[in-house]
Amino acid sequence: MAQIIDGKAVSASVKEEVAKEAAALKDSKGLNVGLAVVIVGNDSASRVYVNNKKKACEAVGFQSFEYALPEETTQEQLLELVNTLNNDCKVNGILVQLPLPKHIDEKAVIDAISPDKDVDAFHPVNVGKIMIGDYSFLPCTPAGVMRLIESTGVDITGKQCVVIGRSNIVGKPQAMLLLQKNGTVTICHSKTKNLKEICLGADILVVAIGRAKFVTGDMIKPGAVVIDVGMDRDENGKLCGDVDFASAEQVAGYITPVPGGVGPMTIAMLMKNTLTAAKQQAGIQ
Ligand code: NAP
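Everything numeric here is computed off the predicted structure, so don't read it as measured data.

Reading guide: rules and limits
Residues numbered from 1 in each chain as written. Predicted model: local features only at pLDDT ≥ 70, side-chain atom pairs only at ≥ 80, totals over all residues. Heavy atoms only, no water. Helix = DSSP H or I, 4+ residues; strand = E, 2+ residues; numbered from the N terminus. Rg over C-alpha atoms; globule rule 2.2 N^0.38 Å. Buried < 20%, exposed > 50% of the residue type's maximum accessible area, 1.4 Å probe, protein only. Contact = heavy atoms within 4.5 Å. Areas by Shrake-Rupley, 256 points an atom, 1.4 Å probe, with all protein chains shown as cover. Lys, Arg positive; Asp, Glu negative; His and termini not counted. Charge placed at Lys NZ, Arg CZ, Asp CG, Glu CD. Near = heavy atom within 4 Å. Polar contact = N/O pair within 3.5 Å; in protein donor to acceptor, adjacent residues only side chain to side chain. Core = buried A, V, L, I, M, F, W, Y, C linked by side-chain atoms within 4.5 Å. Disulfide = S-S within 2.5 Å. Pairing = 2+ DSSP bridges. Axes fitted to C-alpha atoms, helices over the stretch in contact; angles between N-to-C directions. Salt bridge = Lys/Arg side-chain N within 4 Å of Asp/Glu carboxyl O.

Here the focus is the overall build of the chain. Regarding its fold elements, the chain presents ten helices and eleven strands. Computed over C-alpha atoms, the radius of gyration of the chain comes to 19 Å, within 12% of the 19 Å expected from 2.2 N^0.38 for 285 residues, which places it in the range of a compact globule. With respect to the three principal axes, the spread of C-alpha positions in the chain is 50 × 45 × 35 Å. Counting the 285 residues in the chain, one finds 49% classified as buried. In the chain, the proportion of contacts linking residues at least 24 apart, taken out of those at least 6 apart, comes to 70%. About 13400 Å² of surface is accessible on the chain, with carbon and sulfur atoms providing 52% of the total. The distance from the centre of the 29 positive side-chain charges to the centre of the 32 negative ones in the chain is 2 Å.

Next up, the structure:
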């Protein structure tokens with residue numbers, strides 16, 4: 001039976017580290033850390049995420065600036081706000097909650113965020129830095145996954161790592177981070193053949209596809225570390241992951257639950273990136 005990786009506990013320890021460092025920097029250097037969160041429209045899931053980010057800011061002692069814009073906001077208006085925030089010294093990090101309404105070009109908005117304040121690490125400059133291993137910010141979800149793997153004590157070096165999913169925000173950066181830790185990485189996607197065989201070879205399996213309970217116990221190598229990034233709904237509308245937890249926990253060595261696994265880590269890593277941004281902008285190492 002697998003050991004459960006407790007994302008709530010690991011994320012609490014990351015937030016505690018961030019809160020301590022932020023408090024020390026406030027005392028010693030007068031540094032006040034600020035995160036601007038921009039949301040456009042009325043998507044209820046996005047509202048929940050934004051509120052959680054606001055609460056996390058309060059918990060670690062950051063200022064949060066929320067900009068809730070109506071659905072009909074134009075791309076020009078949004079770009080103008082981003083530009084204002086880029087030039088606002090109280091704002092160290094800028095997060096534009098995705099998805100944006102269809103009439104707004106997400107890429108244009110991401111590209112407009114100053115790379116120094118891009119705490120989601122979605123800007124092409126930061127994406128490029130991740131490729132060459134010279135980064136300031138790591139994308140929050142993949143970075144959170146790395147902390148969870150670290151918490152198991154399993155050394156990634158030389159391990160067969162399989163990432164299912166190749167999105168720009170999870171799968172691709174996840175594969176790069178595992179590679180940087182000396183894993184032998186395979187990336188799978190919807191056109192991959194023999195997915196089950198590939199998964200059965202994985203010492204570390206990260207699943208980010210967006211399909212409820214897709215990966216079952218018979219696809220998992222006994223003792224593997226299984227990280228479930230998915231946030232899906234099951235047939236009863238209950239939150240679940242991309243991994244069928246009930247069958248997978250019989251086989252895996254370590255496994256993340258959903259909820260309570262990767263989800264809490266994403267926000268904790270966002271707080272860490274915002275602190276890093278504030279330190280860099282203040283010239284603090
Ligand atoms: P995405 O952009 O939709 O990408 C999904 C990926 O899965 C694609 O690369 C797709 O392949 C692949 N895929 C789909 N069906 C597949 C199949 N049958 N076999 C193999 N690969 C398949 O999704 P995402 O943004 O990466 O998110 C993935 C999941 O993680 C979602 O459930 C999302 O809600 C969740 N998520 C959670 C957090 C968190 O904080 N916990 C953060 C971000 C995302 P193709 O490229 O070939 O289409």
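Moving on, we get to the site of the ligand. In the vicinity of the ligand there are 21 residues, among which Arg166, Ser167, Ser190, Arg211 and Thr266 approach most closely. Arg211 is positioned such that a nitrogen or oxygen atom in its side chain is 3.0 Å from a nitrogen atom of the ligand. At 3.2 Å, a side-chain N or O of Asp232 approaches an oxygen atom of the ligand. Here the ligand has 930 Å² of accessible area as a free molecule, and 72% of this is covered by the chains.

Time to look at the nonpolar core. Leu35, Phe62, Leu178, Val206, Ile227 and Met271 are the most contacted members of the largest nonpolar core, which has 53 residues in total. A per-element tally of this core places helix α10 (residues 262-281) first, with ten residues. Aside from chain neighbours lying at most four places away, what touches Val206 is Val145, Val162, Val163, Ile164, Gln174, Leu178, Ile227 and Val229. Counting 18 residues, the second-largest nonpolar core is a separate cluster that includes Ile164, Ala202, Leu205 and Ile220.

What follows concerns the environment of Val251. Residue placement: Val251 occurs in the loop between α9 (245-248) and β11 (254-255). In the structure, Val251 is positioned 133 residues away from Asp118 in sequence and 39 Å away in space, judged by C-alpha atoms. For Val251, the contacting residues outside a window of four places in its chain are Gly217, Ile220, Lys221, Pro222 and Gly223.

A separate point is unusual backbone geometry. The step from Leu98 to Pro99 runs through a cis peptide bond, and the omega angle for that step is 0°. Inspection of the secondary structure assignment puts Pro99 in the loop between β4 (93-96) and α4 (106-112). The omega angle of the peptide bond from Val258 to Pro259 is 0°, so this bond is cis rather than trans. Here Pro259 shows up in the loop between β11 and α10. The backbone of Ala121 sits at a positive phi, close to 60°, despite the residue not being glycine. Of note, Ala121 is situated in the loop between α4 and α5 (124-132).

This next bit is on the state of the cysteines. For the structure shown, the criterion picks out zero disulfides. The thiol sulfur of Cys89 is not disulfide-bonded, and the nearest other cysteine sulfur, from Cys57, lies at 17 Å. No disulfide involves Cys188; its nearest neighbouring cysteine sulfur is the one of Cys199, lying 5.7 Å away.

Another aspect to go through is the sheet that holds strand β2 (residues 34-40). Strand order in the open sheet formed by three strands is β3-β2-β4, and the pairing between neighbours is parallel. Each having just a single partner strand, β3 (63-69) and β4 make up the two edges of the open sheet. With direction set aside, neighbouring strand axes in the sheet form an average angle of 15°. Pairing analysis gives four bridges linking β2 to β4, with the strands arranged parallel. Along β4, the bridge assignment pairs Val37 with Leu95. Running over the sheet, helix α2 (residues 44-60) touches β2, β3 and β4 and is turned about 160° from β3.

Our focus in this paragraph is the side chain of Asp120. Tracing the chain through its elements places Asp120 in the loop between α4 and α5. Lacking a salt bridge, the buried Asp120 has Lys53 as its closest oppositely charged neighbour, with an N-O distance of 5.7 Å. Every residue in contact with Asp120, bar those within four places of it in the chain, is listed here: Leu95, Val96, Pro139, Cys140 and Leu270.

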